[in-house]
Amino acid sequence: NAGVTQTPKFRILKIGQSMTLQCTQDMNHNYMYWYRQDPGMGLKLIYYSVGAGITDKGEVPNGYNVSRSTTEDFPLRLELAAPSQTSVYFCASSYLETDGYTFGSGTRLTVV
Amino acid sequence: LAKTTQPISMDSYEGQEVNITCSHNNIATNDYITWYQQFPSQGPRFIIQGYKTKVTNEVASLFIPADRKSSTLSLPRVSLSDTAVYYCLEAGTYKYIFGTGTRLKVLA
């Protein structure tokens, strides 16, 4: 099993550019989550999804968008990149919301 | 979106037992308490989860009192490789919020 796969692993963006961070899980998990982690800090919830077609905002959703057209995929879109979005982004999934989460290996994003 | 509270950092020596406590002042009836471990440049890894009383697995033990207002992660006989950040999380309806984490440093 691949678990949770995130691509790309690293990316440098210029201010104002846009990109999509990909997240795929092969465990048939219902719940998926996007977190960001700034250097030396904890994880902040950006968006989450309780199933295909259903998404909702977390703690820090501004500047991001998500979609969940399938159970497997939960892409995170940055429309107008800003230096404040420089961070490591983690995708996670779980079968039930009370289950332990499986995390991906992260995407390290730098906006210059 | 409720948040947990835990100490920012702890130091310990190899071979000692380490206890990290988290407060859950707003925990809901259906929430489970979950703990994660994170090494630098890696995603968090699930360690243990419980609802009430005590849970033990091959890695750690989790103690939850009857009122469920706190939880204690116990790591027996830590080694240098246990140096990491440990997070508690209340897993339940529309939660998914991590606390600030406890940075554990194990000294030789």
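Going by the structure above, here's the rest.
Residues numbered from 1 in each chain as written. Chains lettered and ligands numbered in written order. Predicted model: local features only at pLDDT ≥ 70, side-chain atom pairs only at ≥ 80, totals over all residues. Heavy atoms only, no water.

## Brief notes about the overall build of chain A
Logical step 1: Regarding its fold elements, chain A presents zero helices and eleven strands.
Logical step 2: Each helix (α) and strand (β) of chain A, taken in turn from the N terminus, gives the series β-β-β-β-β-β-β-β-β-β-β.
Logical step 3: Its C-alpha atoms give chain A a radius of gyration of 13 Å, within 12% of the compact-globule value 13 Å for 112 residues.
Logical step 4: Judged by the C-alpha coordinates and their principal axes, chain A covers about 35 × 25 × 25 Å.
Logical step 5: Counting all 112 residues of chain A, 46% fall into the buried class.
Logical step 6: The long-range fraction of contacts in chain A, counting pairs at least 24 apart against all pairs at least 6 apart in sequence, stands at 55%.
Logical step 7: For chain A, the accessible surface area stands at approximately 5,200 Å², while carbon and sulfur atoms represent 52% of it.
Logical step 8: In chain A, which carries 9 positive and 9 negative side-chain charges, the distance between the mean positions of the two groups comes to 12 Å. (Helix = DSSP H or I, 4+ residues; strand = E, 2+ residues; numbered from the N terminus. Rg over C-alpha atoms; globule rule 2.2 N^0.38 Å. Buried < 20%, exposed > 50% of the residue type's maximum accessible area, 1.4 Å probe, protein only. Contact = heavy atoms within 4.5 Å. Areas by Shrake-Rupley, 256 points an atom, 1.4 Å probe, with all protein chains shown as cover. Lys, Arg positive; Asp, Glu negative; His and termini not counted. Charge placed at Lys NZ, Arg CZ, Asp CG, Glu CD.)

## Focus on the sheet that holds strand S7 (residues 64-66) of chain A
All names here are of chain A.
Logical step 1: Taken together, four strands build an open sheet; the order of strands is S1-S3-S8-S7 and the sheet is antiparallel. Both outer strands of the open sheet, strand S1 (4-7) and S7, are each paired with one neighbouring strand and no more. Each strand of the sheet is rotated relative to its neighbour by a mean of 20°, with strand direction disregarded.
Logical step 2: As paired elements, strand S3 (residues 19-25) and strand S8 (residues 76-78) share three bridges and run antiparallel to each other. When the bridges of S8 are listed, leucine 21 appears paired with leucine 76. (Pairing = 2+ DSSP bridges. Axes fitted to C-alpha atoms, helices over the stretch in contact; angles between N-to-C directions.)

## Focus on the sheet that holds strand S9 (residues 102-107) of chain B
All names here are of chain B.
Logical step 1: Taking strand neighbours across the sheet as the criterion, the five strands line up as S1-S9-S8-S3-S4 in an open arrangement whose pairing is mixed. Each edge of the sheet is formed by a strand with only one pairing partner; in this case those strands are strand S1 (9-13) and strand S4 (45-50). Mean inter-strand twist for the sheet, computed between neighbouring axes without regard to direction, equals 25°.
Logical step 2: Sheet analysis places strand S3 (residues 32-38) next to strand S8 (residues 84-91), joined by seven bridges and oriented antiparallel. Looking across to S8, one finds that glutamine 37 is bridged to tyrosine 86.

## A short note on the pairing of strand S7 (residues 70-75) of chain B
All names here are of chain B.
Logical step 1: Most of S7 sits out of view: five of its six residues are buried.
Logical step 2: Two elements, strand S2 (residues 18-23) and S7, share six bridges in a ladder whose sense is antiparallel. Each residue of the ladder has a partner; that of asparagine 19, found in S7, is serine 74.
Logical step 3: The pairing of strand S6 (residues 61-64) with S7 spans three bridges and is antiparallel. Within S7, the position partnered with phenylalanine 63 by the bridge is threonine 72.
Logical step 4: Taking the residues that link successive antiparallel strands as the turn, the S6-S7 hairpin has five residues, and the phi of arginine 68 there is positive, at about 60°.

## Quick notes on the pairing of strand S4 (residues 31-37) of chain A
Residues and elements named next belong to chain A.
Logical step 1: The element S4 is extensively covered by neighbouring structure, given that seven of its seven residues are classed as buried.
Logical step 2: Both S4 and strand S9 (residues 87-94) contribute to a ladder of seven bridges, which runs antiparallel. Its bridge partner lying in S9, glutamine 37 is registered against valine 88.
Logical step 3: Pairing of S4 with strand S5 (residues 43-51) involves six bridges; the strand directions are antiparallel. Across the sheet, residue arginine 36 finds its bridge partner in S5, namely lysine 44.
Logical step 4: Between the end of S4 and the start of S5, which pair antiparallel, lie five residues, with glycine 40 showing a positive phi angle near 75°.

Nothing here speaks to function; it is geometry throughout.
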